[in-house]
Amino acid sequence: MTGRAALRLSRLRRVTPEGRADRPAEARGARPRRRGAQPKVVALGGGMGLSASLAALRRITGDLTAVVTVADDGGSSGRLRDELGVLPPGDLRKALAALCGDDDWGQTWARVIQHRFQSQGALHEHAVGNLLIVALWEQLGDHVQALDLVGKLLGAQGRVLPMSAVPLELQALVKGHDPARPDEVDTVRGQATVALTPGDVQSVHVVPHDPPAVPEAVAAVRDADWVVLGPGSWFSSVIPHLLVPELLDALTETKARLVLSLNLAPQPGETDGFSPQRHLEVLARHAPKLALDVVLADEAAVPDRDSLTDAAERFGAAVELAPVARTDGSPRHDPELLAAAYDRIFRMHGRIGPWR
């Protein structure tokens, strides 16, 4: 951790609902861990939000699993999905790249799998990593085995799993999708479309409506010490995990502690005008039985701390405010600052002694 990250970590502020300040892990049955053990962490999401979380988490634990959405239907992933009937590989590729180490080997392979061809032909804009992942799926006939093999090649510092064994179509009910009919609700189909939709997204669902979860993903959630949900595109990357019944059951039944990591800013189209607390309200509508332990937010992105605390308390969660954004003014997480915030949360909430 750099001196800058350590200095800014010292400014981390805690906002806790009354009576929650020192609740021990045993209050919700969290399993005790031996002194010095690394936490088993599972991170759920997709796209750049999950990548940011993974780049931070790999700095503080060697026992890390990413569970990734499989509803993408745009770009290279969408073309491969349509042509070959495979899971969209793009978000899985991004997660693998985020888990690459900071040494020459890791950073070289991260650049290689993220590389996109530029041409006038059929390969235009295809990502190398997408083609590699799909080739191994076809060779091995096993999603998990293939992703594990890619991770081994890259030296990835963690495991990447799809959340479902079948490609999903995301559908959203959107009020005012057509500006000429602001009070009408339309169905918008496809993750790429939902992510940029005008209007007010009321709810999302997936097709098929009862998709099978990947067993290894369910087992990872049930066996975790901590589960991290978000940040990321709220309706198209974060909430879809709650729409896979077996995965939702695991999230509500696990003894792991759950952290919800909020975005730094609303996403144009999908969550235009959303306050931090509205993100929680939307989450509650889609998964009313979900309990959280901690809600993490950047201190500069929370104009109304009392309202966020109230919203978090409905989930039974404490709020942690920390400086986790890059200092260049962009709405992107700084991996070292985010790692420092996660590390402090893991140490403060239900731990005795250091993780390492």
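Here we summarise the structure given alongside this text. Only a predicted model underlies this, so the values are computations on that prediction, with no experimental measurement involved.

### A few points about the pattern of salt bridges
For step 1, the next point in the chain: Counted under the stated rule, the structure contains 13 salt bridges.
For step 2, the next point in the chain: R181 is paired through a salt bridge with E184; the nearest N and O atoms lie 2.4 Å apart.
For step 3, the next point in the chain: Through salt bridges with shared partners, one network takes in D178, R181, E184 and D186.

### A closer look at helix 6 (residues 128-140)
For step 1, the next point in the chain: The terminal C-alpha atoms of helix 6 lie 18 Å apart, and with 13 residues this matches the ideal 18 Å at 1.5 Å per residue to within 8%.
For step 2, the next point in the chain: Taken residue by residue, helix 6 has G129, N130, I133, V134, L136 and W137 as its buried positions. Angular distribution of buried residues about the axis of helix 6 spans 160 degrees; they occupy a single face of the element. Of the exposed residues in helix 6, the ones pointing more than 90 degrees away from its buried face are E138 and Q139.
For step 3, the next point in the chain: On its buried side, helix 6 packs onto helix 3 (75-84), helix 4 (90-98), helix 5 (104-114) and helix 7 (143-154).
For step 4, the next point in the chain: Within two residues after helix 6, G141 carries a phi angle of roughly 70 degrees, on the positive side.

### Describing the pairing of strand 6 (residues 185-189)
For step 1, the next point in the chain: The two faces of strand 6 differ: D186 and V188 on one face are buried, but V185, T187 and R189 on the other face are not.
For step 2, the next point in the chain: Here strand 5 (residues 169-175) pairs with strand 6 via five bridges, running antiparallel. Bridge pairing links Q171 to R189 in strand 6.

### A word on the layout of surface pockets
Gaps between atoms show up when a probe of the same size as a water molecule is rolled over them.
For step 1, the next point in the chain: Its boundaries defined by the atoms lining it, the largest pocket holds a volume of some 1000 Å³.
For step 2, the next point in the chain: Residue lining of the largest pocket: 40 residues in total, with G47, M48, G49, S51 and A52 positioned closest to the centre.
For step 3, the next point in the chain: Listed by contribution, the elements that provide at least two residues to the lining of the largest pocket are helix 2 (47-57), helix 4, helix 5, helix 8 (191-195) and helix 10 (234-238).
For step 4, the next point in the chain: Split into classes, the residues belonging to the lining of the largest pocket amount to 16 nonpolar, 15 polar and nine charged.

### Some words on unusual backbone geometry
For step 1, the next point in the chain: Note the cis peptide between V207 and P208, where omega equals 0 degrees.
For step 2, the next point in the chain: A cis amide bond links G230 to the next residue, P231, at an omega of 0 degrees.
For step 3, the next point in the chain: Mapped onto the elements of the fold, P231 is located in the loop between strand 8 (226-229) and helix 10.
For step 4, the next point in the chain: In this structure, E125 takes a positive phi of about 70 degrees despite not being glycine.
For step 5, the next point in the chain: Relative to the helices and strands, E125 is located in the loop between helix 5 and helix 6.
For step 6, the next point in the chain: Under the relative-accessibility criterion, E125 is labelled partly exposed at 30%.

### Considering the environment of D334
For step 1, the next point in the chain: Here D334 shows up in the loop between strand 11 (318-322) and helix 14 (335-348).
For step 2, the next point in the chain: Taking C-alpha positions, D334 is 9.0 Å from P323, a pair spaced 11 residues apart along the chain.
For step 3, the next point in the chain: A polar atom in the side chain of D334 sits 2.9 Å from the backbone nitrogen of E336.
For step 4, the next point in the chain: Looking at D334, its side chain comes within polar contact range of the main-chain nitrogen of L337, at 3.0 Å.

### Digging into the nonpolar core
For step 1, the next point in the chain: The biggest cluster of nonpolar side chains holds 105 residues, and the ones touching the most others in it are Y342 and F346.
For step 2, the next point in the chain: Take this core: its biggest share by element is six residues, from helix 14.

Calculation notes
- Residues numbered from 1 in each chain as written.
- Predicted model: local features only at pLDDT ≥ 70, side-chain atom pairs only at ≥ 80, totals over all residues.
- Heavy atoms only, no water.
- Salt bridge = Lys/Arg side-chain N within 4 Å of Asp/Glu carboxyl O.
- Helix = DSSP H or I, 4+ residues; strand = E, 2+ residues; numbered from the N terminus.
- Expected span 1.5 Å × (residues − 1).
- Buried < 20%, exposed > 50% of the residue type's maximum accessible area, 1.4 Å probe, protein only.
- Arc of directions from axis to C-beta.
- Contact = heavy atoms within 4.5 Å.
- Pairing = 2+ DSSP bridges.
- 1 Å grid on protein atoms, 1.4 Å probe; cavity = no way out; pocket = protein on both sides within 12 Å on 5 of 7 lines; lining within 4 Å.
- Points joined across faces, edges and corners; volume = space filled by probe spheres on them.
- Nonpolar A, V, L, I, M, F, W, Y, C, P; charged D, E, K, R; others polar.
- Polar contact = N/O pair within 3.5 Å; in protein donor to acceptor, adjacent residues only side chain to side chain.
- Core = buried A, V, L, I, M, F, W, Y, C linked by side-chain atoms within 4.5 Å.

None of the figures reported here should be taken as evidence of function without further support.
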